[in-house]
Amino acid sequence: MSKPLIKLCGNRSLEDLKLTGKSKADYLGLIFAESKRTVEALDVKEWLKEVETEDKQLVAIFVNARLNEIEQVMNELPIDVIQCHGSETVKEIAEIKHHFKREVWKALPHYEGTLTDMKLYAEAADGFVIDSKVKEAFGGTGQTFDWSKVPSYIQAAEEINKTLFIAGGITPGNIEQLLGLHPPGIDISSGIEQNGKKDEALLTRLEERVNHHVSVSR
Ligand SMILES: O=C(O)c1ccccc1N[C@@H]1O[C@H](COP(=O)(O)O)[C@@H](O)[C@H]1O
């Protein structure tokens, strides 16, 4: 079995980035939306001078941001992927894609209409992050959703040839269950945090679980 793409999201300090930067993750995420994990582009710019991230792609997460807000971040940082985690419309996603000429992922909440939404957004988005639907929160809630629906999301993403990440409450304790469903990508934030910081022991356990799963599935 090949290893899924791993995204470690919600890096909010130099210390977080030093830790996740030396991980085997493929993507590192930064939150530019209202959140306890919000970062400022100019701070991140300084942190990146001290961290090796060449083997990783940087993902900027926005929630219903205007083009000029996204632009301020894009002007300062080498962002590879723009992740829209709000209620952006298909037209807005297409505008963001057209304007920044960068990969754009749409985060979609898991609910009875997610598969329909994937088809709808397929004309504009390059990929999807399926996250739990939690009242009055856009993401980073640490809540899982009903993973019995994951195979249908994987199939839909394959049919429309899009990147797919499963997010929401993934931890070192439950990641093997998710790996058993073979998602192409896994997105983790709260699950590797302790006291508001990314935690080395949790990250090590997470990577051990991924490596263990990949080696026994070969
Ligand atoms: O992490 C946040 O604070 C956040 C805020 C606003 C939008 C998205 C956010 N995070 C995204 O949510 C997923 C799931 O997080 P978790 O693992 O359940 O904590 C995370 O990977 C981000 O993409």
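Structure first, text after, so check above.
Residues numbered from 1 in each chain as written. Predicted model: local features only at pLDDT ≥ 70, side-chain atom pairs only at ≥ 80, totals over all residues. Heavy atoms only, no water.

Student: Help me understand the environment of Glu 159 in this model?
Tutor: Along the polypeptide, Glu 159 turns up in helix H6 (residues 150-159). Taking the relative accessible area as the measure of exposure, Glu 159 reaches 56% and is therefore exposed. (Helix = DSSP H or I, 4+ residues; strand = E, 2+ residues; numbered from the N terminus. Buried < 20%, exposed > 50% of the residue type's maximum accessible area, 1.4 Å probe, protein only.)

Student: Looking at this structure, I do not really get the site of the ligand. What am I missing?
Tutor: The ligand sits among 20 residues. The nearest are Ser 35, Gly 140, Gly 169, Asp 187 and Ser 190. At 3.0 Å, a backbone N or O of Ser 189 approaches an oxygen atom of the ligand. With respect to the ligand, the side chain of Ser 190 contributes an N or O atom lying 2.3 Å from an oxygen atom. Each residue belonging to the shell around the ligand can be placed in one class, and the counts come to five nonpolar, eleven polar and four charged. (Near = heavy atom within 4 Å. Polar contact = N/O pair within 3.5 Å; in protein donor to acceptor, adjacent residues only side chain to side chain. Nonpolar A, V, L, I, M, F, W, Y, C, P; charged D, E, K, R; others polar.)

Student: What is the right way to look at the pattern of salt bridges in this model?
Tutor: If charged atoms from side chains of opposite charge come close, those side chains can pair. Scanning the entire structure with this criterion turns up 16 salt bridges. Residue Lys 49 pairs with Glu 46 through a salt bridge whose shortest N-O separation is 2.9 Å. On the accessibility criterion, Lys 49 (60% relative accessible area) is exposed. Of the residues examined, Glu 46 reaches a relative accessible area of 42% and is grouped as partly exposed. Residues Arg 209 and Glu 176 are paired through a salt bridge, measuring 2.6 Å at the closest nitrogen-oxygen approach. With Arg 209 in helix H8 (residues 200-216) and Glu 176 in helix H7 (residues 175-179), the pair connects residues that are 33 residues apart, well separated along the chain. (Salt bridge = Lys/Arg side-chain N within 4 Å of Asp/Glu carboxyl O.)

Student: Where do I start with H8 in this structure?
Tutor: Residues three or four positions apart in an α-helix share a direction because the helix packs 3.6 residues into each turn. Taking 1.5 Å as the rise per residue, H8 with 17 residues should run 24 Å; its terminal C-alpha atoms sit 24 Å apart, in good agreement. Restricting attention to buried positions, one finds in H8 the residues Leu 202, Leu 203, Leu 206, Val 210, His 213 and Val 214. Seen along its axis, H8 keeps its buried residues to an arc of 105 degrees; they face one direction. Turned more than 90 degrees from where H8 packs its buried face, Ala 201 and Val 216 sit exposed. Lining the buried residues of H8 we find strand S1 (5-8), helix H1 (14-21), H7, strand S8 (185-188) and strand S9 (193-194). One side-chain oxygen of the residue at the start of H8 lies 3.2 Å from the amide nitrogen of Ala 201, identifying that residue as Asp 199. (Expected span 1.5 Å × (residues − 1). Arc of directions from axis to C-beta. Contact = heavy atoms within 4.5 Å.)

Student: How do you make sense of the packing of helix H5 (residues 114-121) against H6 when you look at a structure like this?
Tutor: What describes two packed helices is the angle between their axes and the distance between those same axes. For the pair H5 and H6, interaxial distance at closest approach is 10 Å and the crossing angle is 15 degrees. Here H5 lies roughly parallel to H6, going by the angle between them. Considering only the axes of H5 and H6, their crossing is right-handed. Across from Thr 114, Leu 115 and Met 118 in H5, the residues of H6 making contact are Ser 152, Tyr 153, Ala 156 and Ala 157. (Axes fitted to C-alpha atoms, helices over the stretch in contact; angles between N-to-C directions. Parallel < 35°, antiparallel > 145°, perpendicular 65-115°, else oblique. Left-handed = near helix turned anticlockwise from the far one by under 90°.)

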